[in-house]
Amino acid sequence: MIVTSHNDGWKITTQRSHGLLAAMLAYQFEINLPNEIMVPTLIAIAEHEDGVAETKERKNLTDAGAPRHFLVKDGRAKTDLKRYQNVMELATSKSQINALLTSMHLDFIFSDHVTGADKAMDNFLKDQEKYRKKLLKNLNFDNHFAKHLYRFVEWCDAFSLLICMDKIQPEGRKMEISENPDGVINQVFYKEDNMITVTPWPFKQERFTVFYEYKIIKELKFTTVEEFDQICTTTVPQRQEFVFVK
């Protein structure tokens, strides 16, 4: 979950909503990919975080009972390997391209994993490395193309997170997004409230609209994750739109 403080309580954005926004950005990106690669890539971007129902997870509440932002780690909890196995199962059931890109994303997420700290995770990551080699061979992709394709995934993911986490700076101040598939570092800034531009401009259209949905939860803490899930389920989502202009 993406959790930020709000005047009325907590602003909760699910990883799935963030993934959908990332796919909207990917759809607009100027990139030359054939349909049989572009569509699975869009799905991988949209669904790479779909392995778990976030509001049902106990670890998504802090010890004090507040919703836990995904970057706030629980130092006592082991990595939830089942979650990532579910993510890979979903990706693999769609296509080899989805499986490859999702596995590459997990490798990116755990790039700082210390070997030996968690034996089960060690084995999972080793198995994924072997699996990626098999997928590259089956798909007839070389490493250069696979990295090019994954940079596309990572760029859209990073940009969507900046938006959902309210990280884009006010007053027209520029900030870096990430390295795009062409190796260019793009910068983003607000032209006006909720009007975003990017330099250099990487999109097909000169103007388009994107959105993500979130919920405002007024309760500041919860006794159980079931209570948290019930309130999240019954809270009406709100929609945040942004206009992108060249």
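Look above for the structure.
Okay, so let's go over this structure. Since the structure is predicted, the reported quantities are computational estimates derived from the model, not experimental observations.

## So, the nonpolar core
Next up, step 1: Residues Phe 152, Phe 159, Ile 163, Phe 203 and Phe 244 are the most contacted members of the largest nonpolar core, which totals 62 residues.
Next up, step 2: Of all the elements, helix H6 (residues 143–164) adds the most residues to this core, at 12 residues.
Next up, step 3: In this structure, Phe 203 is in contact with Leu 25, Gln 28, Phe 29, Glu 30, Trp 155, Phe 159, Val 198, Phe 208 and Phe 244, ignoring residues within four places of it in sequence.
Next up, step 4: Within the second largest apolar cluster, 10 residues are counted, among which are Leu 61, Phe 222, Val 225 and Cys 232.

## Quick notes on helix H2 (residues 35–47)
Owing to its 3.6 residues per turn, the α-helix aligns residues three or four sequence positions apart on the same side.
Next up, step 1: With 13 residues, H2 extends 18 Å from end C-alpha to end C-alpha; this agrees with the ideal 18 Å at 1.5 Å per step.
Next up, step 2: All of the buried residues along H2 are Ile 37, Met 38, Pro 40, Thr 41, Leu 42, Ala 44, Ile 45 and Ala 46.
Next up, step 3: Looking at the buried positions of H2, the neighbouring elements they touch are helix H1 (15–28), helix H4 (96–109) and H6.

## Observations regarding the pairing of strand S6 (residues 207–217)
Next up, step 1: In this sheet, S6 lies alongside strand S2 (residues 9–13) in antiparallel orientation, the contact comprising 3 bridges. Across the sheet, the residue bridging to Lys 11 is Ile 216, located in S6.
Next up, step 2: Relative to strand S7 (residues 238–245), S6 runs antiparallel, the two being bridged by 8 bridges. Across the sheet, Tyr 212 pairs through a bridge with Gln 240, a residue of S7.

## Considerations on the pattern of salt bridges
Next up, step 1: Scanning the model with the defined rule gives 7 salt bridges in all.
Next up, step 2: A salt bridge links Arg 173 to Glu 171, with the shortest nitrogen-to-oxygen separation between them at 3.2 Å.
Next up, step 3: One salt bridge in this structure joins Glu 241 and Arg 239, with 3.1 Å as the shortest N-O distance.
Next up, step 4: With relative accessibility at 39%, the residue Glu 241 sits in the partly exposed group.
Next up, step 5: Judged by relative accessible area, which is 47%, Arg 239 ranks as partly exposed.

## With respect to H6
Next up, step 1: Helix length check: H6, at 22 residues, gives a terminal C-alpha distance of 31 Å against a target of 32 Å (1.5 Å per residue), a fit within 8%.
Next up, step 2: Of all the 22 residues making up H6, 17 are buried; the element is thus mostly covered by neighbouring parts of the structure.
Next up, step 3: N-capping of H6 is provided by Asp 142, with a side-chain oxygen placed 3.3 Å from the backbone N of His 144.

## Section: the sheet that holds S6
Next up, step 1: Strand order in the open sheet formed by 7 strands is S1-S2-S6-S7-S5-S4-S3, with mixed pairing between adjacent strands. Because the sheet does not close on itself, it has two edges, and the strands there are strand S1 (2–6) and strand S3 (175–179). With strand direction ignored, the average angle separating the axes of adjacent strands in the sheet is 35 degrees.
Next up, step 2: As paired strands, strand S5 (residues 195–199) and S7 are joined by 2 bridges and run parallel to one another. Residue pairing across strands places Met 195 opposite Val 243, the latter belonging to S7.
Next up, step 3: Strand contacts of H6: S1, S2, S3, strand S4 (185–192), S5, S6 and S7, with the helix running at about 155 degrees to S3, the strand carrying the most contacts.

## Focus: the pairing of S5
Next up, step 1: Along S5, 4 of the 5 residues are buried, which leaves the element largely enclosed by surrounding structure.
Next up, step 2: Of the strand pairs in this sheet, S4 and S5 are connected by 5 bridges, and their pairing is antiparallel. Within S5, the position partnered with Glu 192 by the bridge is Met 195.
Next up, step 3: Turn length for the S4-S5 hairpin, with the two strands adjacent in sequence and antiparallel, is 2 residues, and the turn residue Asn 194 shows positive phi of about 60 degrees.

Calculation criteria
- Residues numbered from 1 in each chain as written.
- Predicted model: local features only at pLDDT ≥ 70, side-chain atom pairs only at ≥ 80, totals over all residues.
- Heavy atoms only, no water.
- Core = buried A, V, L, I, M, F, W, Y, C linked by side-chain atoms within 4.5 Å.
- Buried < 20%, exposed > 50% of the residue type's maximum accessible area, 1.4 Å probe, protein only.
- Helix = DSSP H or I, 4+ residues; strand = E, 2+ residues; numbered from the N terminus.
- Contact = heavy atoms within 4.5 Å.
- Expected span 1.5 Å × (residues − 1).
- Pairing = 2+ DSSP bridges.
- Salt bridge = Lys/Arg side-chain N within 4 Å of Asp/Glu carboxyl O.
- Polar contact = N/O pair within 3.5 Å; in protein donor to acceptor, adjacent residues only side chain to side chain.
- Axes fitted to C-alpha atoms, helices over the stretch in contact; angles between N-to-C directions.

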